[in-house]
Amino acid sequence: QEAGGDCPADWGLFPRTALELLQVPGLGSMHASVVEVYQEHAFDLLSDRAALSVGFKRADSGLMRYDGPEAYAKYVEHSRRGIVKAQERAAENAAANKKAAVFRSGSAPVAGTDDEFQTVGEAFWELKTAQDVAKLARTVELTRTALGHQLNARSSRSHCLVTLNITQHVGSKVIKRQFLFADLAGSERIAKSGVEGVGKKQATVINGSLTVLGKVIKSIAEGVQHVPWRESTLTMLLRSALGGKSCSSVVINVSSEEEHSEETFCSLEFGKRMSTVRSRAAVVVEEDAGSEVADLERKLAKVQAEMAML
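These lines cover the structure that appears in this document, whether it is placed above or below.

Rules behind the numbers
Residues numbered from 1 in each chain as written. Predicted model: local features only at pLDDT ≥ 70, side-chain atom pairs only at ≥ 80, totals over all residues. Heavy atoms only, no water. Phe/Tyr/Trp six-rings, centres within 6.5 Å; stacked < 30°, edge-to-face > 60°. Helix = DSSP H or I, 4+ residues; strand = E, 2+ residues; numbered from the N terminus. Buried < 20%, exposed > 50% of the residue type's maximum accessible area, 1.4 Å probe, protein only. Lys NZ or Arg CZ within 6 Å of the ring centre and 35° of its normal. Core = buried A, V, L, I, M, F, W, Y, C linked by side-chain atoms within 4.5 Å. Patch = residues over 30% accessible without salt bridge, like charges linked within 9 Å, V, L, I, M, F, W, Y side chains within 5 Å. Areas by Shrake-Rupley, 256 points an atom, 1.4 Å probe, with all protein chains shown as cover. Salt bridge = Lys/Arg side-chain N within 4 Å of Asp/Glu carboxyl O. Polar contact = N/O pair within 3.5 Å; in protein donor to acceptor, adjacent residues only side chain to side chain. Contact = heavy atoms within 4.5 Å.

Looking at the packing of aromatic side chains
- As enumerated under the stated definition, the model contains one aromatic pair in all.
- Centroid distance Phe-14 to Phe-181: 5.6 Å. Interplanar angle 65 degrees. Geometry classified as edge-to-face. Within this pair, whereas Phe-14 is found in helix H1 (residues 13-22), its partner Phe-181 is found in strand S10 (residues 173-183), the two being separated by 167 residues in sequence. Comparing Phe-14 with Phe-181, the two get one shared label, buried.
- Geometry around Tyr-38 places Arg-49 over its ring, the cationic atom sitting 5.8 Å from the centre.
- Across from the ring centre of Trp-125, 5.2 Å away, lies the NZ or CZ of Lys-135, which sits over that ring.

A few points about the nonpolar core
- Membership of the largest hydrophobic core comes to 23 residues, with the highest contact counts inside it found for Leu-213, Ile-220, Trp-229 and Leu-242.
- Mapped onto this core, the elements with two or more residues apiece are strand S1 (29-38), strand S3 (50-58), helix H6 (198-222), helix H7 (233-237) and helix H9 (261-274).
- Sort the elements by how many residues they give to this core and H6 lands first, with five residues.
- In terms of nonpolar packing, the next biggest core, distinct from the first, is built from 22 residues, Leu-21, Val-34, Ala-130 and Phe-181 among them.

Looking at a nonpolar patch on the surface
- A contiguous nonpolar surface patch, about 370 Å² in accessible area, is contributed by Val-303, Met-307 and Leu-310.
- Checked against the element boundaries, Leu-310 lands in the segment after helix H10 (289-308).
- Its relative accessible area of 88% is what places Leu-310 among the exposed residues.

Quick notes on the side chain of His-159
- By secondary structure assignment, the location of His-159 is in strand S9 (residues 159-170).
- Using a relative accessible area of 3% as the deciding quantity, one classes His-159 as buried.
- Of the polar contacts made by the side chain of His-159, one reaches the backbone nitrogen of Ala-185; its length is 3.0 Å.
- Polar side-chain contacts of His-159 include one of 2.8 Å to the side chain of Ser-209.
- Ignoring anything within four residues of it in the chain, the contact list for His-159 reads Val-35, Glu-36, Val-37, Arg-144, Asp-183, Leu-184, Ala-185, Ile-206, Ser-209, Leu-210 and Leu-234.

Comments concerning the pattern of salt bridges
- Under the criterion given, the structure shown has five salt bridges.
- Note that Arg-144 is salt-bridged to Asp-183, the shortest N-O span being 2.6 Å. Taken together, the residues span a long stretch of sequence, with Arg-144 in the loop between helix H4 (130-143) and strand S7 (146-147) and Asp-183 in strand S10 at a distance of 39 residues.

Below is the structure:
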């Protein structure tokens, strides 16, 4: 942080926001996690790029773990063999989405959120000072996968999701808030970038995940019952931000150079589609610390009684 409390000129959106939050009186505690989505797999950038599982939790069941859409496809195939028929699951999902759909006056319907997706086991860093924020931002910059090509000396080859979790105690209440910053790798025209081999494969996967994101946004805007969240790891992890219970904003980076006019047009079209998504921040969970402690004490007493009978 520079003299006068200003951010360094080269700081991006995430560190600037984090620094402003730290200056809010009575903020509470703030912890950050950073997940890289690379080649449809999730990695923890705060733990030496340790591989992460991506889990989903249905409203009527517990957390089920799998790693990416490929493993989910195997789960569906396994279901077809006898556990749950794919046709029954499709009907159940359609009914749940229809029931959970939220309709707001003057806006498009937002798809229901019966499934919740999240990474499992990532590290969290507590942020208390501007130095903590700078260290986190620097770690992400040094660890995230990048590659140089004809158009960019350092091109991001992955999507990066930075999550800030804020916990505030108000009396006996525990209020939790979350900010999600998604830095998406840009779509790439391989003929222009000139990448080959691994670089070409990276570009292909990036373009594919962005295509799925476009399909998701289109489905949400049109209010259809089925939204293809599971077709990409990126869209699964963005569901909490786009599913209707969050306030979402998008920043589009474009070039003023005429030779990149096609890419600029595509980026602006993407921003236009994003503007059709209607969402609103909502209080999802407000915990009562006193009630939670009392519940734990009752469970402990029950376990101790059972142990005494052994």
